[in-house]
Amino acid sequence: MTGDDEESLAELFWAVARRLRHQSRRTLEPWEINPGHARALAVLLRHGPVRLSTLAEHLHIAPRSTTEVVDGLEERGLVERRPDPDDRRATLVAPTAEGTRVGTAIRAARDAEADRFFGDLGAADRTDLARILRTLRD
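Residues numbered from 1 in each chain as written. Predicted model: local features only at pLDDT ≥ 70, side-chain atom pairs only at ≥ 80, totals over all residues. Heavy atoms only, no water.

1. A look at the overall build of the chain
At step 1: Check the secondary structure of the chain and you find 6 helices and 3 strands.
At step 2: Listing each helix as α and each strand as β along the chain from the N terminus yields α-α-β-α-α-β-β-α-α.
At step 3: A compact globule built from 138 residues would reach a C-alpha radius of gyration of about 14 Å, whereas the chain, at 18 Å, exceeds it by more than 25%.
At step 4: Residues classed as buried in the chain amount to 30% of the 138 residues present. (Helix = DSSP H or I, 4+ residues; strand = E, 2+ residues; numbered from the N terminus. Rg over C-alpha atoms; globule rule 2.2 N^0.38 Å. Buried < 20%, exposed > 50% of the residue type's maximum accessible area, 1.4 Å probe, protein only.)

2. A look at the sheet that holds strand S3 (residues 87–95)
At step 1: Pairing within the open sheet is antiparallel, and its 3 strands lie in the order S1-S3-S2. Each having just a single partner strand, strand S1 (50–51) and strand S2 (79–84) make up the two edges of the open sheet.
At step 2: Most of the contacts of helix H4 (residues 63–75) go to S2, to which it runs at about 115 degrees, and overall it touches S2 and S3. (Pairing = 2+ DSSP bridges. Contact = heavy atoms within 4.5 Å. Axes fitted to C-alpha atoms, helices over the stretch in contact; angles between N-to-C directions.)

3. Quick notes on the packing of aromatic side chains
Between two aromatic rings, the relevant description is the distance of the centres plus the angle of the planes.
At step 1: On inspection of all chains with the given rule, the structure shows 2 aromatic pairs.
At step 2: Their ring planes at 75 degrees and their centres at 4.9 Å tell us that phenylalanine 117 and phenylalanine 118 sit as a pair that is edge-to-face.
At step 3: Among the residues examined, phenylalanine 117 registers a relative accessible area of 13% and is labelled buried.
At step 4: Classification of phenylalanine 118 as partly exposed rests on a relative accessible area of 24%. (Phe/Tyr/Trp six-rings, centres within 6.5 Å; stacked < 30°, edge-to-face > 60°.)

4. Observations regarding the packing of helix H2 (residues 35–47) against helix H5 (residues 97–117)
At step 1: With their axes 10 Å apart at the nearest point, H2 and H5 run at an angle of 110 degrees to one another. By the angle between their directions, the pair H2 and H5 is classed as roughly perpendicular. Where H2 abuts H5, its residues Pro35, Ala38, Leu41 and Leu45 lie against Gly99, Thr100, Val102, Gly103, Thr104 and Arg110.
At step 2: Residues belonging to the contact of H2 with H5 are distributed by class as follows: 5 nonpolar, 4 polar and 1 charged. (Parallel < 35°, antiparallel > 145°, perpendicular 65-115°, else oblique. Nonpolar A, V, L, I, M, F, W, Y, C, P; charged D, E, K, R; others polar.)

5. So, the side chain of threonine 66
At step 1: By secondary structure assignment, the location of threonine 66 is in helix H4.
At step 2: Residue classification places threonine 66 among the buried residues on the basis of a relative accessible area of 0%.
At step 3: Not counting residues up to four positions away in its chain, the partners in contact with threonine 66 are Leu52, Leu55, Ala56 and Ile61.

6. Re a nonpolar patch on the surface
At step 1: On the surface, a nonpolar cluster with roughly 510 Å² of combined accessible area is contributed by Phe13, Trp14, Ile132, Leu133 and Leu136.
At step 2: Among the secondary structure elements, those contributing two or more residues to the nonpolar patch are helix H1 (3–28) and helix H6 (123–137).
At step 3: Top element by residues in the nonpolar patch is H6. It accounts for 3 residues.
At step 4: Mapped onto the elements, tryptophan 14 comes out in helix H1.
At step 5: Given a relative accessible area of 47%, tryptophan 14 falls into the partly exposed group. (Patch = residues over 30% accessible without salt bridge, like charges linked within 9 Å, V, L, I, M, F, W, Y side chains within 5 Å. Areas by Shrake-Rupley, 256 points an atom, 1.4 Å probe, with all protein chains shown as cover. Salt bridge = Lys/Arg side-chain N within 4 Å of Asp/Glu carboxyl O.)

See the structure below:
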């Protein structure tokens, strides 16, 4: 590949990423929630109650930033802090019933969004793309 080909591939990748980000923000508008909050809620629904440090690891963000995300979700009644039964000094973050309802609705909307976005790709192309993206991510 020449430098131009590599740049073209990178530009295509960023254009698709931008399109996905914009589409994701539009999908989240009905719940008035930002993508960072939606990601945190999704982690909590997938893993159940976790410590802030564990949530930070899953989100790949600093613990201080995680505190801000949890504060925002807690203000909206989507998560709650509760004592860790295994360590009274520690706190767990857990989705509330409303958080579970909202998170489940967001997941369904995002699944539908992904089906539309990737709908022009056949099953084999989707499988190849998923494999390639996992390789690049890891």
